[in-house]
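Next come the chains, spelled out residue by residue.
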Amino acid sequence: MTEDRDAILTQLPARLKEARRGQGLSLDAVAKLSGVSRSMVSQIERGESSPTIATLWNLTRALQVDFAGLLDGAAAPSQIEVWRDRQLPTIDNLGKGCRIRILSPPEMAGRHEVYDLVMDTGAVLDSQPHRRGAREHLTVVEGRVDLTSADAHESLAAGDTARYPADVPHKISATGGPARVFLVVQDS
């Protein structure tokens, strides 16, 4: 039993770190999601501290990994997370005539956000500057849109993609009919 316990304690730091990196999460993100301090997460990953069962449980929940599998070394089954159309969160009160479906997971907010914008004829999504260095990547799926980022203006049709600074005032307008846009926001 002592050998098993020692093996678990030896492998646990690397498994937690691997799970965190596999999710693309920083130490700060894991701390926020788990309620475990950043310094404690770091100490556990370096093998300098042994977590309590409660701490380990909070970390595994935040990292979306199997508690038992983490301890016994069994490979976790691959997972496909599916959100059906009716389950996706939407924003209907931002912009005029816009329905914004949020496609990215909540833990990616502020880092890498993905949206599906469904715009009525004449709809406008007029955005204030995001955080310094923020960028948006927009692909028109259906219809036509006019895009403004600071003083730059472009007209885009279905299939066109634009990349532009989002740390300045920027605006997307549906022109000539309804439009659908796939939007990725980085570092907002």
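Residues numbered from 1 in each chain as written. Predicted model: local features only at pLDDT ≥ 70, side-chain atom pairs only at ≥ 80, totals over all residues. Heavy atoms only, no water.

Engineer: Can you lay out the pairing of strand 5 (residues 144-149) for me, pointing to particular residues and giving the numbers?
Structural biologist: In terms of strand pairing, strand 5 meets strand 6 (residues 152-157) through six bridges, oriented antiparallel. Looking at strand 6, one finds that threonine 148 is bridged to histidine 153. What sits between the antiparallel neighbours strand 5 and strand 6 is a turn of two residues, in which alanine 150 has the positive phi angle 55°. The sheet contact formed by strand 5 and strand 8 (residues 170-174) spans five bridges and is antiparallel. Bridge assignment links threonine 148 to a residue of strand 8, and that residue is lysine 171. (Pairing = 2+ DSSP bridges. Helix = DSSP H or I, 4+ residues; strand = E, 2+ residues; numbered from the N terminus.)

Engineer: If you had to explain helix 2 (residues 27-34) to someone new, which residues and values would you point to?
Structural biologist: Along helix 2, the residues classified as buried are Leu27, Ala29, Val30, Ala31 and Ser34. Directly after helix 2, the chain includes glycine 35, whose backbone phi takes a positive value near 80°. (Buried < 20%, exposed > 50% of the residue type's maximum accessible area, 1.4 Å probe, protein only.)

Engineer: Quick one: what's the story with the nonpolar core, residue by residue and with numbers?
Structural biologist: Ranked by size, the top nonpolar core spans 20 residues in total, and within it Leu117, Met119, Leu138, Val145, Ile172 and Leu183 carry the most contacts. At the level of elements, strand 2 (96-102), strand 3 (112-127), strand 4 (135-142), strand 5, strand 7 (161-165), strand 8 and strand 9 (179-186) are the ones that each hand at least two residues to this core. With five residues, the top contributor of residues to this core is strand 3. What leucine 117 contacts, discounting residues up to four positions off in sequence, is Arg99, Ile100, Leu125, Ile172, Ala179, Arg180, Val181 and Leu183. Within the second largest apolar cluster, 13 residues are counted, among which are Leu27, Val41, Leu56 and Leu59. (Core = buried A, V, L, I, M, F, W, Y, C linked by side-chain atoms within 4.5 Å. Contact = heavy atoms within 4.5 Å.)

Engineer: Please set out the packing of helix 2 against helix 4 (residues 53-63) residue by residue, giving values where relevant.
Structural biologist: Relative orientation of the contacting elements helix 2 and helix 4 amounts to 110°, with a least axis distance of 8 Å. Taken together, helix 2 and helix 4 sit at an angle that is classed as roughly perpendicular. Crossing of helix 2 over helix 4 shows right-handed handedness. Facing helix 2, whose interface residues are Val30, Leu33 and Ser34, helix 4 presents Asn58, Leu59, Ala62 and Leu63. Here the contact of helix 2 with helix 4 is composed, by residue class, of five nonpolar, two polar and no charged. (Axes fitted to C-alpha atoms, helices over the stretch in contact; angles between N-to-C directions. Parallel < 35°, antiparallel > 145°, perpendicular 65-115°, else oblique. Left-handed = near helix turned anticlockwise from the far one by under 90°. Nonpolar A, V, L, I, M, F, W, Y, C, P; charged D, E, K, R; others polar.)

Engineer: Now, about the side chain of serine 49: what can you tell me, with residues and values included?
Structural biologist: Along the polypeptide, serine 49 turns up in the loop between helix 3 (38-45) and helix 4. Exposure remark for serine 49: the relative accessible area of 18% places this residue in the buried category. The residues touching serine 49, leaving out its near neighbours within four places in the chain, are Met40, Gln43 and Ile44.

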